[in-house]
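Spelled out, the chains give:
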Amino acid sequence: MPLPKSAFSNSNLILLAITYLFYFGQFGVLMPYLGVFLDGRGFSSTEIGELFALITVARIAGPNLWAILADKSGRALRVLQLGALLTFATFSLVFFVDGFWSLTLSLALMMMFWTAILPQIEGLTLNCVYGHASRYGRIRLWGSIGYILLTIFTGKMIDVFSSEAPIYVGALVLFSLFIITLWLKAPKVEKSTNPLHESIWHKINTPVFYAFLLSVALLQLSFGAYYGFFALYLVDLDYSGQATGWLIAIGVLAEVIIFLQAGKLIKFFGVKWILVISTLLTALRWYLLAVAANNPAILVFSQMLHAFSFGMTHAASMHFIHHYFGNRFQSQGQAIYLSVGFGIGGAVGGYGAGYFWQQGHGAEQTFTLAAIAAVFSAVSLFFVSSKRM
């Protein structure tokens, strides 16, 4: 059956690609350099870790609340536009506030609205391409391109101006994101009339799924030091802001490349062994950062391992959830994965990293502990049957 031509409107698909570029570009502005900005405002490493933990908690509630609003209203595009506007508005508060709690509140609100945007973008894109994976992939790729470009650009702006540069770049990116959403058009989709009566509990309450959740949570916990303090760590090691941007971009580029081969690798090795191998390589990555980050060649190699730390673990996790929950419980399975792994695991990791960092004096210890957490992430899956995954 031929697809409606309106679904493949070139202008709408281009706008969606730009939307991904700005959305994930903001990740490239904020996640690597938020610690640099907060350090410039005089925050201690403990306070930075606490702030990261608190705003990460906002990532648990935001997507669920906005998904309910989108489902009940049936106007996902309007919810997306409102979310983009509120993200820009709440982020802009950082220009007017300075204390720990006021900055935490503004960034937590921003995070709640910002993370709620992505499900609406994904749903809109999938409806526009009618499930064509290759076309979706070409649109989604612009998110990674945006991340790379804005990470490098923001690093350079820090060198030229100051640690305040990320909030100016971020505000411009978020305003651009909001403007782009105003031009988007939503395709017509049929509403589902099949109610869900079956409980998801029989899928959740199994040793396999508990082991998977524990592994995901420990892996995201191990990322706490990287997300919170990697850029500051490199500053302490006398790397420039531009060099930091390039190093982060190398990691994302490696992630993009591995994504293109992920399906073949998962088919050959299986989900379990992809996750075990990737988390062990993540442990190696954190240990290299702990003991040899002053060596540029080792640092580049450790960043290339991001292909496994995020790329392969995320691809394998999505593959597992898709097949384990099936179509009926797909969205609920995704919500649990994000809430436990990225929400709880990320919050604990951010808080713990801030506690051990000690203004950079505890850098080696913090990344070593992150490596240990990644090892336990692999161990938690080691005795799970490959067939069950």
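This report concerns the structure included in the present document.

What counts and what doesn't
- Residues numbered from 1 in each chain as written.
- Predicted model: local features only at pLDDT ≥ 70, side-chain atom pairs only at ≥ 80, totals over all residues.
- Heavy atoms only, no water.
- Phe/Tyr/Trp six-rings, centres within 6.5 Å; stacked < 30°, edge-to-face > 60°.
- Lys NZ or Arg CZ within 6 Å of the ring centre and 35° of its normal.
- Helix = DSSP H or I, 4+ residues; strand = E, 2+ residues; numbered from the N terminus.
- Expected span 1.5 Å × (residues − 1).
- Buried < 20%, exposed > 50% of the residue type's maximum accessible area, 1.4 Å probe, protein only.
- Polar contact = N/O pair within 3.5 Å; in protein donor to acceptor, adjacent residues only side chain to side chain.
- Contact = heavy atoms within 4.5 Å.
- Axes fitted to C-alpha atoms, helices over the stretch in contact; angles between N-to-C directions.
- Parallel < 35°, antiparallel > 145°, perpendicular 65-115°, else oblique.
- Left-handed = near helix turned anticlockwise from the far one by under 90°.
- Nonpolar A, V, L, I, M, F, W, Y, C, P; charged D, E, K, R; others polar.

So, the packing of aromatic side chains
Thinking step 1. Per the stated rule, a full pass over the model turns up 30 aromatic pairs.
Thinking step 2. Ring-pair connections join several aromatic residues into one group, and the members of that group are Phe223, Tyr226, Tyr227, Phe229, Phe230, Tyr233, Trp286, Trp357 and Phe367.
Thinking step 3. Directly above the ring of Phe382 sits Lys272, whose terminal nitrogen or CZ lies 5.8 Å from the centroid.
Thinking step 4. Across from the ring centre of Tyr226, 4.6 Å away, lies the NZ or CZ of Arg285, which sits over that ring.

Some points on helix H3 (residues 76–91)
Thinking step 1. End to end, H3 covers 22 Å across 16 residues, agreeing with the expected 22 Å (1.5 Å per residue, within 8%).
Thinking step 2. Buried within H3 are the following residues: Leu77, Val79, Leu80, Gln81, Gly83, Ala84, Thr87, Thr90 and Phe91.

What about the side chain of Gln303?
Thinking step 1. Among the structural elements, Gln303 can be located in helix H12 (residues 296–304).
Thinking step 2. Here the side chain of Gln303 touches Tyr226 through a polar contact of 3.0 Å, side chain to side chain.
Thinking step 3. Separated by 3.0 Å, the side chain of Gln303 and the backbone oxygen of Leu247 make a polar contact.
Thinking step 4. In this structure Gln303 touches Tyr226, Phe230, Leu247, Ile248, Ile250, Gly251 and Arg285, once residues within four positions along its chain are discounted.

Quick notes on the packing of helix H8 (residues 207–222) against helix H15 (residues 363–382)
Thinking step 1. Packing of H8 against H15 leaves a shortest axis separation of 8 Å and a crossing angle of 165 degrees. As summarised for this structure, H8 and H15 are arranged roughly antiparallel, according to the angle between their axes. Note that H8 runs across H15; the crossing there is left-handed. Of H15, the residues touching H8 (which contributes Ala211, Phe212, Leu214, Ser215, Leu218, Leu219, Leu221 and Ser222) are Ala370, Ala373, Ala374, Phe376, Ser377, Ser380 and Leu381.
Thinking step 2. Classifying every residue of the contact of H8 with H15 gives eleven nonpolar, four polar and no charged.

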